[in-house]
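# Structural overview
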Amino acid sequence: MANKFTLKLSDPLWRLAHLYHLKRADDGRVVKFAPRPEQQKVFDMIYKDKLRRIIILKARRLGMSTAIDLLLADAALFNAGTQASIVDQTAADAERKLSTICKVAYEYLAPELKDDIGLVRDSGSIMEVQSFKDAPSAIFAGLRARGGTNNLLHISEWGTFAVDDPRRSEEILTGAIPSAEHGTVVIETTWKGGRGGHLWELVKEAMETPEEHKTPKDWRVVFFPWWKDPTYVLQGDVATINKATAEYLDQMQAQTGHTFSPEQRLWYDRQAKQLGMFIFREFPTTVEECFKSPVEGAIYAGELDKLRAAGAIGPIKVDNSYPVHTSWDIGSPVNTVCWYWQLVAGNEVRVIDVDIDLDLTPVQRVAHMMAKGYNYGNHYLPHDAAAQKNTSGRSDEAELRAAGLHNTRIVPRTHDIWIGINRLQQMLPRFSFRLPNCEAGVTALSNYAYKRASATGIVVHEPIHNWASHAADALRMLAEAEAAGMLKTGTAPREPAVVVTGIRDLGLSERRAVVRR
């Protein structure tokens, strides 16, 4: 009998299903842990499939943090010399997981097991255990992963701070994950919105790489929709469900193959009424919906959504009867962004192209522009492009001119960035964007957001400087140039060079009306 029990104890999947207790968040009661199907799937991926890089995109209340941190505790208790780390939004969040999950797992072990394992260090951020004379194991909790080698790393809610704290996000990418180079990394997070940033690049790569091409150390995306949770139901009158919600659930039923019960429908309807577009972030129905939720504080997302709905973002043809102007944000070569646009008779701004994420010298960049074959007009550069650089002794404008870019114009500096942002917001109903050439730029614009800052006790909205801000700043130069009286509307061609159907066939006033609705 003892041998049989010993054999079971050697199996981590058996231990996770039978040995542990957890503390309920609602009433603080300690209850036996029994993995639910979603939690068991993650355990199986790690211990049966031997996968080492997992990203869990989830709805709320699936107990993923509990499952992962129980797994960390189990590894530390039964594998001498284990090092594990919990990284969370705040140090307090990470320490809370350590205290209420990992330490509870140890505290409520069966006495015959606990007697063999001593708690040798217990602080808010560290739990260290040791069995007899074996090497001690430790679990660390905080904002960063412990240096050295982590056998297990749990990164919680990266998606919630990836947007508004890019420096912290970079620390996760370049510091925490390499600390588990030869270990297992599990990221579990709700998605704050948008398609950009460090975590998005991992998700994108995981979703685009065919499964047959992946190794155990390639990233896998695991998605758990809200309708997998049996508690997401509501009793009541289904006749009160919004018609649009009912039609949406009918579409999702056909797409997912899941039949939504009346109680699930009513529950979702009430959540959608409360959360609006953020329903996709909190309770996604499909994995694609995780990325549909607007970024919190998104500045231009509303206007861009209206343009897309009106057909003003699509496969628009270039009309060579009008000159092509550019507006810029200049930074490091890869962070320099250049938008290409035309001022069309009738006051329309037709954006036809964008250079983004190009690591080019000024000479290479100008050659790249000339190879496009556009009939160029003026090139609107930010005010600091006229400043002399310490490295070359010349300004960015001078270097671009020397490379062959003529008709450069310096846009005067405004005393407040929000003047240009507000001006661009007001102008956007006049815009159209050509796809696919502008897709990366439009994605960046959709993700450009502000955060609330209160360093002086006065709350202000502060634009976030991250990967999305370069494209937004470059297009803002267009708006600030117009405000400074530097633009001149193009002259209508004698004969239309192209025929475009849809919104382009409407008159300007009709187009504006469609977009503003």
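The model shown is predicted, which means the values in this text are computed figures rather than measured ones.

## A word on the nonpolar core
Among the nonpolar cores identified, the biggest contains 45 residues, and Y20, I56, L72, I86, L109 and I139 are the most heavily contacted of them. Examining the composition of this core, we find that ten residues originate from one element, helix α4 (residues 64-78), more than from any other. One finds L343, Y448, A472 and L478 within the second-largest nonpolar core, a separate group that totals 38 residues.

## A few points about the pairing of strand β5 (residues 117-122)
The two faces of the sheet receive side chains in turn, since in a regular strand these alternate between them. Where β5 meets strand β6 (residues 126-131), five bridges bridge the pair, whose relative direction is antiparallel. Bridging across to β6, L119 finds its partner in V129. In sequence, β5 turns back onto β6 through a hairpin of three residues.

## Regarding the sheet that holds strand β17 (residues 431-434)
The seven strands lie next to each other as β11-β17-β14-β13-β12-β15-β16, forming an open sheet whose pairing is mixed. The open sheet terminates on both sides in strands that have one partner only, identified here as β11 (313-314) and β16 (408-410). In the sheet, β11 pairs with β17 via two bridges, with the strands oriented parallel. By the bridge assignment for β17, G314 is matched with R434.

## Section: the packing of aromatic side chains
Aromatic ring pairs: the centre-centre distance and the angle between the two ring planes describe each pair. Evaluated as defined, the whole model comprises 17 aromatic pairs. Measuring from ring centre to ring centre gives 6.2 Å for Y340 and Y376, while their planes differ by 45°; the resulting arrangement is tilted. Highlighted residues: Y340 in strand β13 (residues 337-344) and Y376 in strand β15 (residues 376-381), separated in sequence by 36 residues. Assessed through its relative accessible area of 0%, Y340 is described here as buried. Overall, the relative accessible area of 16% leaves Y376 in the buried class. Through pairs of rings, three or more aromatic residues link up here, namely W226, W227, Y232, Y248, F260, W267, Y268 and F283. Over the ring of Y106 we find K114, and its NZ or CZ is 5.2 Å from the ring centre.

## Some remarks on unusual backbone geometry
Most of the time, phi is negative for any residue but glycine, and the peptide bond is trans. A cis amide bond, omega 10°, links L435 with the succeeding residue P436. Topologically, P436 is positioned in the loop between β17 and α17 (439-447). Here the phi dihedral of K50 falls at roughly 60°; this positive angle occurs in a residue that is not glycine. Checked against the element boundaries, K50 lands in the loop between α3 (37-47) and β3 (53-58). The partly exposed category is assigned to K50, whose relative accessible area is 46%. In this model, N407 sits at a positive phi of 60°, which is unusual for a non-glycine residue. Here N407 shows up in the loop between α15 (396-402) and β16. Residue N407 is classed as partly exposed on the basis of its relative accessible area, which comes to 37%.

## What about the sheet that holds strand β8 (residues 152-156)?
Sheet strands pair by backbone hydrogen bonding; their relative direction is either parallel or antiparallel. In space, the eight strands of this open sheet follow the order β5-β6-β7-β4-β8-β9-β3-β10, with mixed pairing throughout. For this open sheet the edge positions go to β5 and β10 (220-224), each flanked by a neighbour on one side alone. Taking each pair of neighbouring strands and ignoring which way they run, the sheet shows an average axis angle of 15°. Packing against the sheet, α3 makes contact with β3, β9 (184-189) and β10, and its axis sits at approximately 165° to β10. Along the sheet, α4 makes contact with β3, β4 (83-87), β5, β6, β7 (137-142), β8, β9 and β10, crossing β8 at roughly 160°.

What counts as what
Residues numbered from 1 in each chain as written. Predicted model: local features only at pLDDT ≥ 70, side-chain atom pairs only at ≥ 80, totals over all residues. Heavy atoms only, no water. Core = buried A, V, L, I, M, F, W, Y, C linked by side-chain atoms within 4.5 Å. Buried < 20%, exposed > 50% of the residue type's maximum accessible area, 1.4 Å probe, protein only. Helix = DSSP H or I, 4+ residues; strand = E, 2+ residues; numbered from the N terminus. Pairing = 2+ DSSP bridges. Phe/Tyr/Trp six-rings, centres within 6.5 Å; stacked < 30°, edge-to-face > 60°. Lys NZ or Arg CZ within 6 Å of the ring centre and 35° of its normal. Axes fitted to C-alpha atoms, helices over the stretch in contact; angles between N-to-C directions. Contact = heavy atoms within 4.5 Å.

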